[in-house]
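Chain by chain, the residues run as shown.
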Amino acid sequence: MTTWRERHDEAVRKQEAAQQAYQEATDERALALIAGAEELGSQAAVARELGVKTPSVNQAIRAYQKKTE
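Source: prediction; values computed, not measured.

S.K.: A description of the packing of helix α1 (residues 4-40) against helix α2 (residues 43-50) should follow, citing residues and the corresponding values.
M.R.: The geometry of α1 relative to α2 is characterised by a closest axis approach of 8 Å and an angle of 105° between their N-to-C directions. Of the possible angle classes, the one that applies to α1 and α2 is roughly perpendicular. Counting all contacts with α1, which are made through L33, G36, A37 and L40, the residues of α2 involved are Q43, A45, V46, E49 and L50. Split by residue class, the contact of α1 with α2 holds 6 nonpolar, 2 polar and 1 charged.

Have a look at this one:
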């Protein structure tokens, strides 16, 4: 049987791992969108190809670029 503190600490570790995985996936997505924009010529073309709105592509790329500056 585990104590409440052990369960809490394990949950915190899981949350941190999930947050790290989410951040890595977000960065990978932004890099893919940047590559797509280079290949297709614009962020709007990437959005059309993916069937999403252009601002969502712009926002993902901007957030990544701001983070890496």
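S.K.: An account of helix α3 (residues 54-68) is requested, with residue identities and associated values reported.
M.R.: Relative to the 21 Å expected for 15 residues at 1.5 Å per residue, α3 spans 21 Å between its end C-alpha atoms, a close match to the ideal helical length. Inspection of α3 places V57, N58, A60, I61 and Y64 among the buried residues, and these make up the whole buried set. End-on view of α3: buried residues confined to an arc of 165°, all on one side of the axis. Those residues of α3 that are exposed and aimed more than 90 degrees away from the buried face are P55, Q59, R62 and K66. On its buried face, α3 is in contact with α1 and α2.

Reading the values: the criteria
Residues numbered from 1 in each chain as written. Predicted model: local features only at pLDDT ≥ 70, side-chain atom pairs only at ≥ 80, totals over all residues. Heavy atoms only, no water. Axes fitted to C-alpha atoms, helices over the stretch in contact; angles between N-to-C directions. Helix = DSSP H or I, 4+ residues; strand = E, 2+ residues; numbered from the N terminus. Parallel < 35°, antiparallel > 145°, perpendicular 65-115°, else oblique. Contact = heavy atoms within 4.5 Å. Nonpolar A, V, L, I, M, F, W, Y, C, P; charged D, E, K, R; others polar. Expected span 1.5 Å × (residues − 1). Buried < 20%, exposed > 50% of the residue type's maximum accessible area, 1.4 Å probe, protein only. Arc of directions from axis to C-beta.

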